[in-house]
Amino acid sequence: MLQDVYIERVNMIKLFYFSSLDLMIKVEYAQQVNTLRYASHREMENDERVMVEQYIMVEVAPKTDYYRKHPALFVYLGIDERLKKRLATFLPNEKSESLLGTEEEITVSVKRLINASMRNYYAEKIGELILFARSVLKEDRQHESKLANLKREMTELINAYNLYTDQKVTIDEIIPVELKSSWLGLTEARRHVVPSP
């Protein structure tokens, strides 16, 4: 009886050498199953593994469909003996990407990713609040007190957004034209404005 055989195609294989850790890893990405997996030439300490995985998530994963498709899988395969041999013959002119791999560089990369994620999160929340405010304005005749609360929430969201971006936006720039006449004249909300950091 014949059985279906599933063959997984690996779309990307990269070798990385972290000179500060004296560690070589191999990262593979299989697009069909949206899986990132990696192996190392030796056993890693917990802090080394955290550093390596942060690097993969920040520098490798965005170059694949890993964040765009669901489900996504991230797997550590353990020690790959072939990497030990590869490391023994490792030369700077090989195709491996030699990394300074300092903790500071990785921390900066992770911080950039977090800032981008938080900017996107707050931008999305600001958009949702604007849509909600439009519906309140359309459907509720006693909308002034609700809009005052929404304006306070909007100010807090904008302040949070500004923490994670280089540009500093104001509520006047964010509020759509059709809401400005209803929002910008509200006095109740001004008491609750959170000062910009």
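Computed from a predicted structure; not experimentally measured.

Parameters and conventions
Residues numbered from 1 in each chain as written. Predicted model: local features only at pLDDT ≥ 70, side-chain atom pairs only at ≥ 80, totals over all residues. Heavy atoms only, no water. Phe/Tyr/Trp six-rings, centres within 6.5 Å; stacked < 30°, edge-to-face > 60°. Helix = DSSP H or I, 4+ residues; strand = E, 2+ residues; numbered from the N terminus. Buried < 20%, exposed > 50% of the residue type's maximum accessible area, 1.4 Å probe, protein only.

A closer look at the packing of aromatic side chains
Part 1 of the reasoning: Here the structure, examined in full by the defined rule, presents 6 aromatic pairs.
Part 2 of the reasoning: Note on F16 and Y55: the rings are 5.6 Å apart at their centroids and 75° apart in plane angle, and the pair reads as edge-to-face. Of this pair, F16 sits in strand β1 (residues 12-18) while Y55 sits in helix α1 (residues 46-60), and the two are 39 residues apart along the sequence.
Part 3 of the reasoning: The buried category is assigned to Y55, whose relative accessible area is 14%.
Part 4 of the reasoning: Ring geometry for Y66 against Y67: centres 5.4 Å apart, planes inclined by 80°, an arrangement best described as edge-to-face.
Part 5 of the reasoning: Accessibility expressed as a relative area gives 10% for Y66, which makes it buried.
Part 6 of the reasoning: Taking the relative accessible area as the measure of exposure, Y67 reaches 38% and is therefore partly exposed.
Part 7 of the reasoning: Within the aromatic cluster, the residues linked to one another by ring pairs are F16, F18 and Y55.

Considerations on unusual backbone geometry
Part 1 of the reasoning: The omega torsion across H70 and P71 is 0°, close enough to zero to call that bond cis.
Part 2 of the reasoning: Along the chain, the position of P71 falls in the loop between α1 and β4 (73-79).
Part 3 of the reasoning: Positive phi, close to 50°, is recorded for D22, a residue that is not glycine.
Part 4 of the reasoning: You will see that N34, though not glycine, has its phi angle at about 45°, which is positive.
Part 5 of the reasoning: One can find N34 in the loop between β2 (23-30) and β3 (35-40).

Comments concerning the environment of K85
Part 1 of the reasoning: Structurally, K85 can be placed in helix α2 (residues 81-88).
Part 2 of the reasoning: We classify K85 as exposed; its relative accessible area is 63%.
Part 3 of the reasoning: Taking the C-alpha atoms as reference points, K85 and H41, separated by 44 residues in sequence, lie 8.7 Å from one another.

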